[in-house]
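An overview of the molecular structure
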Amino acid sequence: MNLASLVRDIPDFPEPGIVFKDITPVLADHEAFGELIAALADAYRQLPIDKVAGIEARGFTLAAPVALQLGAGFVPLRKPGKLPWTTINQAYNLEYGTDALEMHVDGIGAGEQVLIVDDVIATGGTAAAAVNLIERVGGKIAGLAVFIELGFLNGRAAIDGVPFHALIRYD
Ligand code: AMP
């Protein structure tokens, strides 16, 4: 199945100049959704992944089913103020503004192997913040798996040294 054909480009969302990659048509198609999740998990099936960390909010929709496929737990990385327990916080820049990610301090244990999953990597600021949060609590980054890479923004440079898989790359 051609997953790329189901990704919808939304010009000027959420602000002028941004072409938003809308993955909801993929999620809405049972066969496409299943293929996407299997493809994201594929590179990590032979690795001892303990946790899959998903980035709010679209990352959750992909990371949770990937975690189940890999026999791993799911850990949410959320926008500030959303998590109920004690958190650590990491600020970052993104394509359209600045933000921060938070994680429960006990979400990931020292030495655990963690796969980070998100829908899109743009500048890489969000992914770098996720890497930072996980490493601060002693987690080991097994990799970053994304559906879509906006190659022209060179997000890979922000996560230099982290094993990286993208299913679709736009240049
Ligand atoms: P960045 O930190 O610049 O790599 O931005 C990645 C985060 O912002 C991801 O969580 C994406 O969901 C979101 N994002 C950034 N740019 C886009 C885009 N053009 N289309 C869809 N999501 C985007």
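Refer to the preceding data block for the structure.
Residues numbered from 1 in each chain as written. Predicted model: local features only at pLDDT ≥ 70, side-chain atom pairs only at ≥ 80, totals over all residues. Heavy atoms only, no water.

1. Details of helix α3 (residues 58-70)
- In this model α3 runs 19 Å from its N-terminal to its C-terminal C-alpha over 13 residues, within 8% of the 18 Å that 1.5 Å per residue would give.
- Taken together, the buried positions of α3 are Gly-59, Leu-62, Ala-63, Val-66, Ala-67 and Leu-70. Along the long axis of α3, the arc covered by the buried residues comes to 135°, so they all point the same way.
- The inward-facing, buried residues of α3 abut α1 (24-27), α2 (30-42), β3 (51-55), β4 (73-77), β7 (113-121) and β8 (140-150).
- Phi for Gly-71, located one or two positions after α3, is positive at around 70°. (Helix = DSSP H or I, 4+ residues; strand = E, 2+ residues; numbered from the N terminus. Expected span 1.5 Å × (residues − 1). Buried < 20%, exposed > 50% of the residue type's maximum accessible area, 1.4 Å probe, protein only. Arc of directions from axis to C-beta. Contact = heavy atoms within 4.5 Å.)

2. Some words on the packing of aromatic side chains
- Per the counting criterion, the structure on display carries 2 aromatic pairs.
- Plain terms: the ring middles of Phe-60 and Phe-74 are 5.8 Å apart, the flat faces sit at 85° to each other, and that makes the pair edge-to-face. Separated by 14 residues along the polypeptide, Phe-60 in helix α3 and Phe-74 in strand β4 bring together distant segments of the chain.
- Taking relative accessible area as the criterion, Phe-74 reaches 34% and is therefore assigned partly exposed.
- Here Lys-21 stacks its cationic end above the ring of Tyr-170, 3.7 Å away from the centre of that ring. (Phe/Tyr/Trp six-rings, centres within 6.5 Å; stacked < 30°, edge-to-face > 60°. Lys NZ or Arg CZ within 6 Å of the ring centre and 35° of its normal.)

3. Regarding unusual backbone geometry
- Note that the residue after Phe-13, namely Pro-14, is joined by a cis bond; omega there is 0°.
- Turning to its location among the elements, Pro-14 is positioned in the loop between β1 (8-11) and β2 (19-22).
- A cis amide bond links Glu-56 to the next residue, Ala-57, at an omega of -10°.
- Relative to the helices and strands, Ala-57 is located in the loop between β3 and α3.
- Its identity as a non-glycine residue notwithstanding, Asp-12 has a phi of 60°, on the positive side.
- Relative to the assigned elements, Asp-12 resides in the loop between β1 and β2.
- Although it is not a glycine, Asn-154 sits at a positive phi angle of roughly 55°.
- Among the secondary structure elements, Asn-154 is positioned in the loop between β8 and β9 (164-170).

Purely spatial values, then, with no claim about function.
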